[in-house]
Amino acid sequence: MHGEFLLSDKGKMSKSSGEFLTLSVLTGKGYSPLDYRYFCLGATYRTQLQFSYPGMDAARTSRLGLVERISALGDQVAEENALSEKTRSYMDQFDSFVCNDLATARALSVLWTMLKDDGISNAEKRYAVNYMDQVLGLGLDKVSSASGSAEDIPEDVKKLVELRSQAKKNKDWTSADMYRKQIEDMGYLLKDTPTGPSLQKKV
Amino acid sequence: MKVYLYNTMSRTVEEFKPITDKFVGMYCCGPTVYNYAHIGNLRTYIFEDTLKRTLRHAGYKVKHVMNITDVGHLTGDGDDGEDKMEKSARETGKSVWDIAKFYTDAFFKDYDSLNNIRPDVVCPATKHIDQMIKLIQRLEAGGHTYIAGGNVYFSIDTFPEYGRLAKLNLDELKSGARIDIDSNKKNPKDFVLWFTNSKFRISRLAYRVLGNEHVLPWRAVRHPLRRNRRHSGSPHQ
(Lines give C-alpha, C1' and ligand atoms only; values in the text may rest on other atoms or scores of the structure.)
Protein backbone atom coordinates (compact mmCIF):
# COMPACT_ATOMS: atom_id res chain seq x y z
CA MET A 1 0.00 0.00 0.00
CA HIS A 2 1.20 3.53 -0.67
CA GLY A 3 0.01 6.90 0.56
CA GLU A 4 -0.42 9.83 -1.82
CA PHE A 5 1.23 13.23 -1.62
CA LEU A 6 0.11 16.35 0.14
CA LEU A 7 0.11 19.28 -2.27
CA SER A 8 0.96 22.84 -1.42
CA ASP A 9 -0.17 25.56 -3.79
CA LYS A 10 3.13 25.02 -5.61
CA GLY A 11 2.61 21.32 -6.24
CA LYS A 12 4.00 18.40 -4.24
CA MET A 13 5.00 19.57 -0.79
CA SER A 14 8.71 19.36 -0.27
CA LYS A 15 11.49 21.15 1.49
CA SER A 16 12.55 23.03 -1.59
CA SER A 17 9.18 24.44 -2.65
CA GLY A 18 8.57 27.66 -0.75
CA GLU A 19 7.78 27.87 2.99
CA PHE A 20 8.94 24.77 4.81
CA LEU A 21 5.67 23.64 6.31
CA THR A 22 6.39 21.81 9.54
CA LEU A 23 3.90 20.98 12.28
CA SER A 24 5.41 23.81 14.34
CA VAL A 25 4.34 26.31 11.68
CA LEU A 26 0.76 25.09 12.09
CA THR A 27 0.78 25.09 15.88
CA GLY A 28 2.38 28.54 15.77
CA LYS A 29 -0.69 29.73 13.91
CA GLY A 30 -2.97 28.36 16.62
CA TYR A 31 -3.90 24.95 15.24
CA SER A 32 -3.77 21.76 17.23
CA PRO A 33 -1.90 18.83 15.64
CA LEU A 34 -5.23 16.99 15.96
CA ASP A 35 -6.76 19.53 13.57
CA TYR A 36 -4.24 18.37 10.99
CA ARG A 37 -5.13 14.76 11.75
CA TYR A 38 -8.83 15.56 11.23
CA PHE A 39 -7.91 17.35 7.98
CA CYS A 40 -6.09 14.25 6.69
CA LEU A 41 -8.85 11.87 7.83
CA GLY A 42 -11.30 13.91 5.76
CA ALA A 43 -9.61 12.68 2.58
CA THR A 44 -8.73 9.18 1.45
CA TYR A 45 -5.09 8.16 1.65
CA ARG A 46 -5.04 7.28 -2.03
CA THR A 47 -5.88 10.72 -3.32
CA GLN A 48 -3.58 13.71 -3.41
CA LEU A 49 -4.64 16.16 -0.78
CA GLN A 50 -4.44 19.89 -1.41
CA PHE A 51 -3.28 21.74 1.68
CA SER A 52 -4.94 25.08 2.46
CA TYR A 53 -5.55 27.19 5.52
CA PRO A 54 -9.31 27.44 4.84
CA GLY A 55 -9.24 23.64 4.78
CA MET A 56 -7.44 23.60 8.13
CA ASP A 57 -9.96 26.08 9.55
CA ALA A 58 -12.83 23.87 8.48
CA ALA A 59 -11.14 20.84 10.03
CA ARG A 60 -10.58 22.71 13.26
CA THR A 61 -14.18 23.93 13.43
CA SER A 62 -15.46 20.41 12.81
CA ARG A 63 -13.15 18.80 15.35
CA LEU A 64 -14.00 21.34 18.04
CA GLY A 65 -17.66 20.82 17.17
CA LEU A 66 -17.23 17.12 17.87
CA VAL A 67 -15.51 17.84 21.17
CA GLU A 68 -18.30 20.17 22.21
CA ARG A 69 -21.04 17.66 21.38
CA ILE A 70 -19.24 14.83 23.11
CA SER A 71 -18.51 16.79 26.26
CA ALA A 72 -22.24 17.61 26.44
CA LEU A 73 -23.05 13.89 26.57
CA GLY A 74 -22.00 13.50 30.18
CA ASP A 75 -19.55 10.88 31.40
CA GLN A 76 -21.73 7.84 31.65
CA VAL A 77 -20.91 5.05 29.22
CA ALA A 78 -23.43 2.34 28.36
CA GLU A 79 -22.62 -1.33 28.85
CA GLU A 80 -21.74 -3.27 25.74
CA ASN A 81 -24.52 -5.79 26.21
CA ALA A 82 -27.11 -3.04 26.67
CA LEU A 83 -26.60 -1.35 23.30
CA SER A 84 -29.63 -0.75 21.11
CA GLU A 85 -29.95 -2.02 17.55
CA LYS A 86 -29.68 1.53 16.31
CA THR A 87 -26.33 2.15 18.00
CA ARG A 88 -25.01 -1.19 16.78
CA SER A 89 -26.05 -0.32 13.27
CA TYR A 90 -24.06 2.94 13.40
CA MET A 91 -21.04 1.04 14.65
CA ASP A 92 -21.42 -1.55 11.88
CA GLN A 93 -21.71 1.18 9.29
CA PHE A 94 -18.58 2.82 10.64
CA ASP A 95 -16.74 -0.51 10.48
CA SER A 96 -17.80 -1.18 6.93
CA PHE A 97 -16.27 2.13 5.84
CA VAL A 98 -12.94 1.91 7.63
CA CYS A 99 -12.54 -1.74 6.69
CA ASN A 100 -13.10 -0.83 3.07
CA ASP A 101 -9.71 0.58 2.22
CA LEU A 102 -9.73 3.07 5.12
CA ALA A 103 -12.62 5.25 3.95
CA THR A 104 -12.21 7.57 6.94
CA ALA A 105 -14.11 10.52 5.45
CA ARG A 106 -17.27 8.45 5.20
CA ALA A 107 -16.62 6.97 8.61
CA LEU A 108 -16.47 10.49 10.07
CA SER A 109 -19.87 11.30 8.61
CA VAL A 110 -21.31 8.24 10.36
CA LEU A 111 -19.92 9.57 13.64
CA TRP A 112 -21.61 12.92 13.04
CA THR A 113 -24.95 11.40 12.07
CA MET A 114 -24.86 9.19 15.15
CA LEU A 115 -24.17 12.12 17.45
CA LYS A 116 -27.07 14.09 16.00
CA ASP A 117 -29.51 11.20 16.31
CA ASP A 118 -31.99 11.95 19.13
CA GLY A 119 -33.14 8.35 19.10
CA ILE A 120 -30.18 7.02 21.11
CA SER A 121 -29.15 7.78 24.65
CA ASN A 122 -26.12 9.84 25.61
CA ALA A 123 -24.53 6.88 27.36
CA GLU A 124 -24.81 4.79 24.19
CA LYS A 125 -23.40 7.63 22.13
CA ARG A 126 -20.44 7.72 24.52
CA TYR A 127 -19.85 4.03 23.98
CA ALA A 128 -20.00 4.40 20.21
CA VAL A 129 -17.65 7.42 20.30
CA ASN A 130 -15.03 5.42 22.21
CA TYR A 131 -15.45 2.54 19.77
CA MET A 132 -14.98 4.73 16.72
CA ASP A 133 -12.11 6.73 18.20
CA GLN A 134 -10.08 3.51 18.39
CA VAL A 135 -9.67 3.96 14.64
CA LEU A 136 -9.90 7.74 14.27
CA GLY A 137 -7.39 8.51 17.03
CA LEU A 138 -8.73 12.03 17.67
CA GLY A 139 -8.64 11.72 21.45
CA LEU A 140 -12.45 11.75 21.60
CA ASP A 141 -12.47 9.01 24.21
CA LYS A 142 -10.72 11.41 26.56
CA VAL A 143 -13.18 14.28 26.19
CA SER A 144 -14.84 14.75 29.53
CA SER A 145 -17.86 16.76 30.44
CA ALA A 146 -15.91 18.63 33.13
CA SER A 147 -14.62 21.28 30.76
CA GLY A 148 -16.86 24.23 31.57
CA SER A 149 -17.91 24.45 35.21
CA ALA A 150 -17.46 27.95 36.62
CA GLU A 151 -15.48 26.83 39.68
CA ASP A 152 -12.66 25.53 37.49
CA ILE A 153 -11.96 28.82 35.76
CA PRO A 154 -8.98 30.70 37.19
CA GLU A 155 -9.50 34.19 38.61
CA ASP A 156 -7.17 35.79 36.04
CA VAL A 157 -9.28 34.45 33.22
CA LYS A 158 -12.50 35.62 34.85
CA LYS A 159 -10.96 39.10 35.19
CA LEU A 160 -10.10 39.17 31.49
CA VAL A 161 -13.66 38.17 30.61
CA GLU A 162 -14.89 41.10 32.71
CA LEU A 163 -12.45 43.51 31.05
CA ARG A 164 -13.58 42.28 27.64
CA SER A 165 -17.25 42.75 28.47
CA GLN A 166 -16.44 46.32 29.56
CA ALA A 167 -14.49 46.99 26.36
CA LYS A 168 -17.40 45.76 24.28
CA LYS A 169 -19.80 48.02 26.20
CA ASN A 170 -17.50 50.93 25.31
CA LYS A 171 -17.37 49.74 21.68
CA ASP A 172 -13.62 49.33 22.06
CA TRP A 173 -13.39 46.40 19.67
CA THR A 174 -9.59 46.39 19.49
CA SER A 175 -9.26 45.90 23.24
CA ALA A 176 -12.05 43.33 23.21
CA ASP A 177 -10.17 41.26 20.60
CA MET A 178 -6.95 41.67 22.54
CA TYR A 179 -8.58 40.33 25.73
CA ARG A 180 -10.09 37.43 23.83
CA LYS A 181 -6.64 36.53 22.50
CA GLN A 182 -5.17 36.72 26.00
CA ILE A 183 -7.92 34.44 27.28
CA GLU A 184 -7.10 32.01 24.51
CA ASP A 185 -3.41 32.15 25.35
CA MET A 186 -4.36 31.13 28.89
CA GLY A 187 -6.05 28.05 27.50
CA TYR A 188 -9.71 29.01 27.15
CA LEU A 189 -11.89 29.64 24.12
CA LEU A 190 -14.46 32.36 24.57
CA LYS A 191 -17.78 32.19 22.76
CA ASP A 192 -20.42 34.89 22.81
CA THR A 193 -23.87 33.44 23.43
CA PRO A 194 -27.29 35.10 23.91
CA THR A 195 -26.90 34.53 27.66
CA GLY A 196 -23.42 36.03 27.82
CA PRO A 197 -19.86 34.86 27.16
CA SER A 198 -19.16 31.17 27.64
CA LEU A 199 -15.74 29.65 28.20
CA GLN A 200 -14.44 26.30 27.10
CA LYS A 201 -11.09 24.80 27.91
CA LYS A 202 -8.91 24.59 24.86
CA VAL A 203 -8.35 21.11 23.51
CA MET B 1 -14.47 -8.42 10.53
CA LYS B 2 -13.20 -8.56 6.96
CA VAL B 3 -10.77 -5.91 5.84
CA TYR B 4 -10.33 -4.79 2.23
CA LEU B 5 -7.22 -2.94 1.17
CA TYR B 6 -5.74 -1.64 -2.05
CA ASN B 7 -2.85 -3.76 -3.24
CA THR B 8 -0.37 -1.70 -5.23
CA MET B 9 0.97 -4.80 -6.98
CA SER B 10 -2.38 -5.88 -8.39
CA ARG B 11 -3.82 -2.35 -8.62
CA THR B 12 -7.07 -3.54 -7.03
CA VAL B 13 -8.81 -3.49 -3.68
CA GLU B 14 -8.57 -7.02 -2.31
CA GLU B 15 -9.76 -8.87 0.74
CA PHE B 16 -6.85 -8.81 3.14
CA LYS B 17 -5.65 -12.30 4.07
CA PRO B 18 -2.65 -12.46 6.38
CA ILE B 19 0.15 -14.99 5.99
CA THR B 20 -0.19 -15.97 9.64
CA ASP B 21 -3.69 -16.31 11.02
CA LYS B 22 -4.88 -13.25 12.95
CA PHE B 23 -1.46 -11.61 12.79
CA VAL B 24 -0.06 -8.78 10.68
CA GLY B 25 3.57 -7.81 10.33
CA MET B 26 3.63 -4.24 9.09
CA TYR B 27 6.75 -2.51 7.86
CA CYS B 28 6.66 1.22 7.11
CA CYS B 29 9.46 3.49 5.88
CA GLY B 30 10.47 5.95 8.54
CA PRO B 31 12.03 9.42 8.40
CA THR B 32 15.44 10.50 7.13
CA VAL B 33 16.64 12.40 10.16
CA TYR B 34 18.66 15.20 8.61
CA ASN B 35 15.94 17.83 9.03
CA TYR B 36 12.41 18.30 10.40
CA ALA B 37 9.58 16.35 8.82
CA HIS B 38 7.16 18.51 6.82
CA ILE B 39 3.43 18.01 7.03
CA GLY B 40 3.41 16.13 3.72
CA ASN B 41 5.73 13.54 5.30
CA LEU B 42 3.50 13.48 8.38
CA ARG B 43 0.40 12.72 6.33
CA THR B 44 1.91 9.35 5.51
CA TYR B 45 2.37 8.46 9.17
CA ILE B 46 -1.24 9.36 9.90
CA PHE B 47 -2.33 7.04 7.08
CA GLU B 48 -0.17 4.19 8.39
CA ASP B 49 -1.41 4.73 11.92
CA THR B 50 -5.00 4.59 10.65
CA LEU B 51 -4.18 1.33 8.87
CA LYS B 52 -2.70 -0.15 12.04
CA ARG B 53 -5.66 0.98 14.16
CA THR B 54 -8.13 -0.43 11.64
CA LEU B 55 -6.39 -3.81 11.59
CA ARG B 56 -6.34 -3.97 15.39
CA HIS B 57 -9.96 -2.83 15.53
CA ALA B 58 -10.77 -5.70 13.17
CA GLY B 59 -9.16 -8.13 15.63
CA TYR B 60 -5.66 -8.59 14.22
CA LYS B 61 -2.53 -8.53 16.30
CA VAL B 62 -0.24 -6.07 14.52
CA LYS B 63 3.53 -5.80 14.83
CA HIS B 64 4.60 -2.45 13.42
CA VAL B 65 8.23 -1.98 12.42
CA MET B 66 9.68 1.32 11.26
CA ASN B 67 13.22 2.22 10.23
CA ILE B 68 15.07 5.47 10.81
CA THR B 69 17.25 6.45 7.86
CA ASP B 70 20.29 7.87 9.61
CA VAL B 71 22.71 7.07 6.81
CA GLY B 72 22.67 6.31 3.13
CA HIS B 73 19.94 8.61 1.85
CA LEU B 74 21.38 10.60 -1.01
CA THR B 75 20.35 14.12 -1.96
CA GLY B 76 19.99 13.26 -5.66
CA ASP B 77 17.11 11.27 -7.11
CA GLY B 78 19.28 8.50 -8.41
CA ASP B 79 22.64 7.43 -7.16
CA ASP B 80 24.02 10.92 -7.28
CA GLY B 81 24.26 13.62 -4.67
CA GLU B 82 25.76 13.57 -1.23
CA ASP B 83 24.57 11.59 1.73
CA LYS B 84 21.98 13.92 3.30
CA MET B 85 23.32 13.35 6.82
CA GLU B 86 26.87 14.12 5.73
CA LYS B 87 25.71 17.30 3.99
CA SER B 88 23.79 18.49 7.06
CA ALA B 89 26.80 17.79 9.28
CA ARG B 90 29.06 19.73 6.95
CA GLU B 91 26.70 22.69 6.82
CA THR B 92 26.06 22.93 10.55
CA GLY B 93 29.39 21.81 11.99
CA LYS B 94 27.66 19.14 14.13
CA SER B 95 28.42 15.43 14.07
CA VAL B 96 26.12 13.12 12.16
CA TRP B 97 25.21 11.43 15.46
CA ASP B 98 24.09 14.75 16.99
CA ILE B 99 22.02 15.55 13.94
CA ALA B 100 20.41 12.13 13.86
CA LYS B 101 19.52 12.29 17.57
CA PHE B 102 18.17 15.84 17.35
CA TYR B 103 15.91 15.21 14.38
CA THR B 104 14.82 11.76 15.57
CA ASP B 105 13.60 13.36 18.80
CA ALA B 106 11.91 16.17 16.87
CA PHE B 107 10.23 13.62 14.62
CA PHE B 108 8.76 11.63 17.49
CA LYS B 109 7.55 14.78 19.20
CA ASP B 110 5.50 15.58 16.08
CA TYR B 111 4.52 11.93 15.67
CA ASP B 112 3.16 11.68 19.24
CA SER B 113 1.34 15.02 19.09
CA LEU B 114 -0.60 13.76 16.07
CA ASN B 115 -1.78 10.94 18.32
CA ASN B 116 -0.03 8.20 16.36
CA ILE B 117 0.68 4.99 18.24
CA ARG B 118 4.43 4.30 18.36
CA PRO B 119 5.80 1.44 16.27
CA ASP B 120 6.63 -1.75 18.16
CA VAL B 121 10.13 -1.72 16.69
CA VAL B 122 12.13 1.31 15.57
CA CYS B 123 15.36 0.37 13.82
CA PRO B 124 18.01 2.90 12.75
CA ALA B 125 19.84 1.97 9.56
CA THR B 126 23.21 2.35 11.26
CA LYS B 127 22.39 -0.56 13.59
CA HIS B 128 21.69 -2.99 10.75
CA ILE B 129 24.64 -2.57 8.44
CA ASP B 130 25.70 -6.19 9.00
CA GLN B 131 22.33 -7.43 7.76
CA MET B 132 22.50 -5.11 4.77
CA ILE B 133 25.89 -6.53 3.88
CA LYS B 134 24.60 -10.10 4.26
CA LEU B 135 21.64 -9.29 2.01
CA ILE B 136 23.92 -7.84 -0.63
CA GLN B 137 26.09 -10.94 -0.40
CA ARG B 138 23.00 -13.07 -0.99
CA LEU B 139 22.23 -11.06 -4.09
CA GLU B 140 25.83 -11.46 -5.13
CA ALA B 141 25.64 -15.25 -4.70
CA GLY B 142 22.47 -15.25 -6.77
CA GLY B 143 24.29 -13.53 -9.62
CA HIS B 144 22.39 -10.25 -9.45
CA THR B 145 25.28 -7.91 -8.80
CA TYR B 146 28.46 -6.67 -10.43
CA ILE B 147 31.29 -4.43 -9.37
CA ALA B 148 32.33 -1.47 -11.43
CA GLY B 149 34.43 1.52 -10.48
CA GLY B 150 34.59 0.27 -6.91
CA ASN B 151 30.84 0.21 -6.40
CA VAL B 152 28.48 -2.74 -6.17
CA TYR B 153 25.51 -2.49 -8.53
CA PHE B 154 22.24 -4.39 -8.78
CA SER B 155 21.84 -5.65 -12.32
CA ILE B 156 18.19 -5.26 -13.27
CA ASP B 157 18.69 -7.33 -16.42
CA THR B 158 19.02 -10.36 -14.13
CA PHE B 159 15.57 -9.70 -12.66
CA PRO B 160 12.75 -9.58 -15.23
CA GLU B 161 10.14 -8.64 -12.61
CA TYR B 162 11.94 -5.39 -11.82
CA GLY B 163 9.70 -2.35 -12.01
CA ARG B 164 6.42 -4.23 -11.76
CA LEU B 165 5.56 -2.68 -8.43
CA ALA B 166 6.07 0.86 -9.65
CA LYS B 167 4.72 -0.04 -13.07
CA LEU B 168 7.81 1.24 -14.82
CA ASN B 169 7.99 0.91 -18.53
CA LEU B 170 11.70 0.60 -18.82
CA ASP B 171 11.84 1.45 -22.52
CA GLU B 172 9.82 4.59 -22.07
CA LEU B 173 11.77 5.89 -19.09
CA LYS B 174 14.38 8.24 -20.38
CA SER B 175 17.39 7.65 -18.24
CA GLY B 176 19.81 10.52 -18.11
CA ALA B 177 16.94 13.00 -18.27
CA ARG B 178 17.31 13.96 -14.61
CA ILE B 179 20.23 11.85 -13.58
CA ASP B 180 23.82 11.99 -14.76
CA ILE B 181 24.64 8.90 -16.69
CA ASP B 182 26.95 6.62 -14.76
CA SER B 183 29.22 4.96 -17.26
CA ASN B 184 29.91 2.17 -14.76
CA LYS B 185 26.39 0.85 -15.25
CA LYS B 186 25.56 -2.01 -17.56
CA ASN B 187 21.94 -0.90 -17.71
CA PRO B 188 21.28 2.76 -16.96
CA LYS B 189 18.48 1.70 -14.58
CA ASP B 190 20.86 -0.29 -12.40
CA PHE B 191 21.24 1.09 -8.89
CA VAL B 192 24.04 1.08 -6.37
CA LEU B 193 23.90 -1.36 -3.48
CA TRP B 194 27.17 -0.32 -1.89
CA PHE B 195 29.56 2.54 -2.43
CA THR B 196 33.25 2.31 -1.82
CA ASN B 197 34.15 4.84 -4.45
CA SER B 198 31.64 7.65 -4.53
CA LYS B 199 32.95 11.02 -5.68
CA PHE B 200 30.90 12.53 -2.86
CA ARG B 201 32.92 10.85 -0.16
CA ILE B 202 30.12 8.68 1.12
CA SER B 203 32.84 6.23 1.89
CA ARG B 204 34.24 8.61 4.47
CA LEU B 205 30.89 8.48 6.25
CA ALA B 206 30.86 4.74 5.86
CA TYR B 207 34.27 4.53 7.50
CA ARG B 208 33.08 6.74 10.32
CA VAL B 209 30.02 4.62 10.91
CA LEU B 210 31.38 1.21 10.19
CA GLY B 211 35.11 1.08 10.42
CA ASN B 212 37.37 -0.23 7.69
CA GLU B 213 36.39 -3.86 8.00
CA HIS B 214 32.90 -3.33 6.59
CA VAL B 215 34.11 -1.54 3.53
CA LEU B 216 36.66 -4.21 2.65
CA PRO B 217 34.40 -6.91 1.11
CA TRP B 218 33.86 -4.87 -2.02
CA ARG B 219 36.89 -2.74 -2.13
CA ALA B 220 37.93 -3.40 -5.66
CA VAL B 221 40.11 -0.33 -5.87
CA ARG B 222 42.35 1.01 -3.15
CA HIS B 223 40.32 3.93 -1.86
CA PRO B 224 42.22 7.26 -1.81
CA LEU B 225 40.87 8.18 1.64
CA ARG B 226 41.81 4.94 3.32
CA ARG B 227 44.50 5.61 5.85
CA ASN B 228 44.34 2.54 8.08
CA ARG B 229 42.64 4.57 10.78
CA ARG B 230 40.11 2.97 13.12
CA HIS B 231 37.09 5.21 13.21
CA SER B 232 36.97 7.23 16.44
CA GLY B 233 34.74 5.85 19.18
CA SER B 234 31.11 6.15 18.33
CA PRO B 235 28.88 7.86 20.86
CA HIS B 236 26.22 5.41 19.71
CA GLN B 237 24.64 3.71 22.72
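Residues numbered from 1 in each chain as written. Chains lettered and ligands numbered in written order. Predicted model: local features only at pLDDT ≥ 70, side-chain atom pairs only at ≥ 80, totals over all residues. Heavy atoms only, no water.

Peer 1: Just to check I follow, could you spell out the overall build of chain A for this structure?
Peer 2: Counting secondary structure elements, chain A contains 8 helices and 5 strands. Reading chain A from its N end, one meets helices and strands in the order β-β-α-α-β-α-α-α-α-α-α-β-β. In terms of overall dimensions, chain A has a C-alpha envelope of 55 × 55 × 25 Å along the principal axes. Of all 203 residues assigned to chain A, the portion counted as buried reaches 45%. (Helix = DSSP H or I, 4+ residues; strand = E, 2+ residues; numbered from the N terminus. Buried < 20%, exposed > 50% of the residue type's maximum accessible area, 1.4 Å probe, protein only.)

Peer 1: I'm lost on the pairing of strand S6 (residues 145–148) of chain B in this one. Help?
Peer 2: For a regular strand, side chains alternate in direction, first toward one face of the sheet and then toward the other. Residue and element names in this part refer to chain B. The sheet contact formed by S6 and strand S7 (residues 151–154) spans 4 bridges and is antiparallel. Across the sheet, residue Ala148 finds its bridge partner in S7, namely Asn151. Hairpin geometry of S6 and S7 is characterised by an intervening segment of 2 residues between the two adjacent antiparallel strands and by a positive phi of about 60 degrees at Gly149. (Pairing = 2+ DSSP bridges.)

Peer 1: What should I look at first to understand the pattern of salt bridges in this one?
Peer 2: Tallied over the entire structure, the rule returns 20 salt bridges over all chains. Measuring nitrogen to oxygen at the nearest pair gives 3.6 Å for the salt bridge that ties Glu80(A) to Arg88(A). What makes Glu80(A) partly exposed here is its relative accessible area of 43%. Measuring nitrogen to oxygen at the nearest pair gives 3.3 Å for the salt bridge that ties Lys87(B) to Glu91(B). In this pair, Lys87(B) and Glu91(B) are both assigned in helix H2 (residues 84–92), 4 residues apart and thus about one turn of the helix distant. By relative accessible area, Glu91(B) is classed as exposed at 54%. Linked by salt bridges that have partners in common, Asp35(A), Arg60(A) and Arg63(A) make up one network. (Salt bridge = Lys/Arg side-chain N within 4 Å of Asp/Glu carboxyl O.)

Peer 1: Where do I start with the sheet that holds strand S8 (residues 191–194) of chain B in this structure?
Peer 2: Pairing between the strands of a sheet comes from backbone hydrogen bonds, and it takes one of two forms, parallel or antiparallel. All names here are of chain B. Strand order in this open sheet of 3 strands is S6-S7-S8, and the pairing throughout is antiparallel. Among the strands making up the open sheet, the edge pair consists of S6 and S8. Each strand of the sheet is rotated relative to its neighbour by a mean of 45 degrees, with strand direction disregarded. Docked against the sheet, helix H4 (residues 129–141) engages S6, S7 and S8, running at close to 120 degrees with respect to S8. (Axes fitted to C-alpha atoms, helices over the stretch in contact; angles between N-to-C directions. Contact = heavy atoms within 4.5 Å.)

Peer 1: Could you clarify how one ought to interpret the interface of chain A and chain B in this entry?
Peer 2: Accessible area lost upon the coming together of the parts is a frequently used measure of interface size. On the chain B side, the residues contacting the 42 residues of chain A number 30 residues. When residues of chain A are sorted by the area they lose upon contact with chain B, Met1(A), Arg37(A) and Cys99(A) head the list and together hold 21% of the total. Linking chain A with chain B are 1 salt bridge, by the criterion used here. We note a salt bridge from Arg37(A) to Asp49(B), for which the minimum N-O separation is 2.7 Å. Applying the counting criterion to the chain A and chain B interface returns 18 residue pairs in polar contact (both at pLDDT 80 or more). Tallying contributions element by element places helix H2 (residues 33–41) of chain A first for the side of chain A that touches chain B, with 6 residues. (Buried area = accessible area lost by both parts, 1.4 Å probe. Polar contact = N/O pair within 3.5 Å; in protein donor to acceptor, adjacent residues only side chain to side chain.)

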